[in-house]
Every structure is written in C-alpha cells, then in structure tokens.
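Here are the chains, one letter per residue:
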Amino acid sequence: MIFFNILKELSTSIVEIKKYFKGDLYLIGYYNFYPQKTVQKRMLDKLNCGYKKISKKYQLIYINNSNINLNLDKYLDNPGSIYPNTLGYKAIFDNILVKI
C-alpha cells in the first residue's frame, strides 16, 4: 500500500538525517483541500495522522495545518486547484512560526 510505503520511507529518511543533523527537525502536515467524503481526503487525513505518530516517535516538531481546512474559500482562489493563494501560504507560515 502506498500509504504504508510513504511512512516507511519517511521514517528511514529521518533516521538518516538524524545521524548527521542534531538540530530540531520539523514535519509539516498537509492542509486537506479535498471535499469531504472523498478517497483523497481520507488518504490525506490518514497521512497526517501517520506524520503525527512519526513526529512523536522521532521527537520531531509537527506543524499542523488543519486550521486551513476550516476556511478553504479564503485560502484557495480556485476550488478546483490544490494550490493556496497568498493568504493560504501566510497561514501555513504562521503555523510554522508559532512552533519556531
């Protein structure tokens, strides 16, 4: 399953990075731009849940971007697009800044 492979590869990468880098590592969660009740939304939710678990396991700082999901109209100019607008990128930046 692709989901399992993504998390496995991420864990492997984190172990390698931590061998050489001793500073804080940040793992940025996805905002979920897909409509409710879609396979894609469920997969991204599952991926974010896996990211949170990996963050705890390897003492990473997890950046939660789920607050963006609450107001997608504000952060996505085109509902058919996955790319945030300037306000969306600023919201992601603000979520990161809080953790730094």
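Residues numbered from 1 in each chain as written. Predicted model: local features only at pLDDT ≥ 70, side-chain atom pairs only at ≥ 80, totals over all residues. Heavy atoms only, no water.

A. A look at the overall build of the chain. Regarding its fold elements, the chain presents 4 helices and 2 strands. Reading the helices (α) and strands (β) of the chain from amino to carboxyl end gives α-β-α-β-α-α. Dimensions along the principal axes, computed over C-alpha positions, put the chain at roughly 40 × 35 × 15 Å. Expressed as a percentage of its 100 residues, the buried residues of the chain come to 36%. (Helix = DSSP H or I, 4+ residues; strand = E, 2+ residues; numbered from the N terminus. Buried < 20%, exposed > 50% of the residue type's maximum accessible area, 1.4 Å probe, protein only.)

B. Up close: the pattern of salt bridges. The final tally for this structure, using the stated rule, is 3 salt bridges. A salt bridge links Asp94 to Lys90; the nearest nitrogen and oxygen atoms lie 3.0 Å apart. Remark: Lys90 and Asp94 occur in helix α4 (residues 86-99); sequence separation between them is 4 residues, near one turn of the helix. (Salt bridge = Lys/Arg side-chain N within 4 Å of Asp/Glu carboxyl O.)

C. Focus on a nonpolar patch on the surface. Side chains of Tyr26, Phe93, Leu97 and Ile100 sit close together on the surface and give an oily, nonpolar patch of about 440 Å² of accessible area. When you line up the elements, Ile100 lands in the segment after α4. Judged by relative accessible area, which is 69%, Ile100 ranks as exposed. (Patch = residues over 30% accessible without salt bridge, like charges linked within 9 Å, V, L, I, M, F, W, Y side chains within 5 Å. Areas by Shrake-Rupley, 256 points an atom, 1.4 Å probe, with all protein chains shown as cover.)

D. Quick look at the confidence of the model for the chain. Confidence in the prediction of the chain, expressed as mean pLDDT, is 90, and 97% of residues score 70 or more. For the chain, the element scoring lowest by mean pLDDT is helix α3 (residues 72-75), at 85; strand β2 (residues 61-63) scores highest, at 97. (pLDDT = per-residue confidence, 0-100.)

E. Fine view of α4. Between its first and last C-alpha, α4 extends 20 Å over 14 residues, near the 20 Å set by a 1.5 Å rise per residue. Buried within α4 we find Gly88, Ala91, Ile92 and Asn95. The buried side chains of α4 occupy one side of the element, clustering within an arc of 95° when seen end-on. Those residues of α4 that are buried are in contact with β2 and α3. (Expected span 1.5 Å × (residues − 1). Arc of directions from axis to C-beta. Contact = heavy atoms within 4.5 Å.)

F. View of helix α2 (residues 39-57). Helix length check: α2 (19 residues) gives 27 Å between terminal C-alpha atoms against 27 Å at 1.5 Å per residue, within 8%. Those residues of α2 that fall on the buried side of the exposure criterion are Lys41, Leu44, Leu47, Asn48, Gly50, Tyr51, Ile54 and Ser55. Against α1 (2-20), β1 (26-28) and β2 lie the buried residues of α2. Taken from the residues just after α2, Gln59 is the one with a positive phi, measuring 55°.

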